[in-house]
Amino acid sequence: MPDSARLFRCGVLTLSDKGARGEREDTSGPRIREMLRAEGYEVALYQMLPDTQELIEQILIAWVDEQSLDLIITTGGTGVSPSDRTPEATRAVIEREVPGLGEAMRLASLQKTVQAVWSRGIAGIRKGCLILNLPGSRRAAEENLSAVLPALRHGLEKLKGSEIDCGRI
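The structure reproduced in this document is the subject of the present report. (Residues numbered from 1 in each chain as written. Predicted model: local features only at pLDDT ≥ 70, side-chain atom pairs only at ≥ 80, totals over all residues. Heavy atoms only, no water.)

### Section: the pairing of strand E5 (residues 123-126)
We count it as follows: Exposed residues in this analysis have more than 50% of their type's maximum accessible area, buried residues have under 20%, and partly exposed residues fall in between, with area computed by a 1.4 Å probe over protein chains only. Helix numbers and strand numbers start at the N terminus; a helix is a DSSP run of H or I with at least 4 residues, a strand a run of E with at least 2. Two strands are counted as paired when DSSP detects at least two bridges linking them.
Burial of the side chains of E5 extends over both faces: Ala-123 and Ile-125 are buried on one face and Gly-124 and Arg-126 on the other. Bridge count between strand E4 (residues 96-97) and E5: 2 bridges; the pairing is antiparallel. Note that in E5 the partner of Glu-97 across the bridge is Gly-124. Across 4 bridges, the pairing between E5 and strand E6 (residues 129-134) is antiparallel. When the bridges of E6 are listed, Gly-124 appears paired with Ile-131. Between E5 and E6, which pair antiparallel and follow one another directly, the connecting turn spans 2 residues, one of which, Lys-127, has a positive phi of 50 degrees.

As structure tokens, this is what we get:
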């Protein structure tokens, strides 16, 4: 199968204490799934959890190690509230960080609001799966994903061993 035709399996994990208790509707998770599908990704898994670092770590590990996902996008838990633990959970399970993705997302958000300086989302790799943290609001999640979505397929291809020359795309 040519690299450009590869189908990547993804998971979307929404982190929200209120959402997990049924007190708030998840609007960012459905939007992220919609954006991924529009780009040809298979969204295989979706779940909502409270902002609990241990639970987040357990799901990330299970989705990578047992479900063999290629991409996991989290939404929520990237701010500075005491319960915002998504970057810490991600950092605990990844093997390598990919700082350019977080930098690009914050740069794009800063073009729209100074509050982007408070976003702590990161990206990293565990066993060939990219884990990417987005903010929890629908608008911010959409803006952040839009900033990096054009680059994701190439990075995922490289993670899977593609020998496409980076300078030729």
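### Re the packing of aromatic side chains
Basically, it comes down to this: Each Phe, Tyr or Trp ring (for Trp, its six-membered ring) is paired with any other whose centre lies within 6.5 Å, and the angle between the two planes then decides the class: stacked below 30 degrees, edge-to-face above 60, tilted in between. Geometrically, a charge over a ring is one whose NZ (Lys) or CZ (Arg) sits within 6 Å of the ring centre while staying within 35 degrees of the ring normal.
Per the counting criterion, the structure on display carries 1 aromatic pair. For the cation-ring pair, Arg-33 lies above Tyr-46, with the distance from its terminal atom to the ring centre recorded as 4.1 Å.

### Some thoughts on unusual backbone geometry
Phi at Ser-68 takes a positive value of approximately 55 degrees, unusual for a residue other than glycine. Position of Ser-68 among the secondary structure elements: in the loop between helix H3 (53-65) and strand E3 (71-75). One non-glycine residue with positive phi stands out, namely Lys-127, at about 50 degrees. Residue placement: Lys-127 occurs in the loop between E5 and E6.

### Concerning the packing of helix H2 (residues 28-38) against helix H6 (residues 138-159)
What counts, and what does not: Fitted lines through C-alpha atoms serve as axes, helices being fitted only where they are in contact, and the angles separating the N-to-C directions of these axes extend from 0 to 180 degrees. Under this scheme an angle from 65 to 115 degrees is roughly perpendicular, one under 35 degrees roughly parallel, and one over 145 degrees roughly antiparallel; angles in between are oblique. Should the near helix be turned anticlockwise from the far one by less than a right angle, the crossing is left-handed, and should it be turned clockwise, the crossing is right-handed. Whether two residues touch is decided by their heavy atoms; if any such pair falls within 4.5 Å, the residues are in contact. Charged means Asp, Glu, Lys or Arg here, nonpolar means Ala, Val, Leu, Ile, Met, Phe, Trp, Tyr, Cys or Pro, and polar covers whatever is left, Gly included.
Orientation of H2 relative to H6, taken along the N-to-C sense of each, is 25 degrees, at an axis distance of 9 Å. It follows from the interaxial angle that H2 and H6 lie roughly parallel. The handedness of the crossing between H2 and H6 is right-handed. Contact residues: H2 offers Ser-28, Arg-31, Ile-32, Met-35 and Leu-36, while H6 offers Arg-138, Ala-141, Glu-142, Leu-145, Ser-146 and Leu-149. When the residues that make up the contact of H2 with H6 are grouped by side-chain class, the tally is 6 nonpolar, 2 polar and 3 charged.

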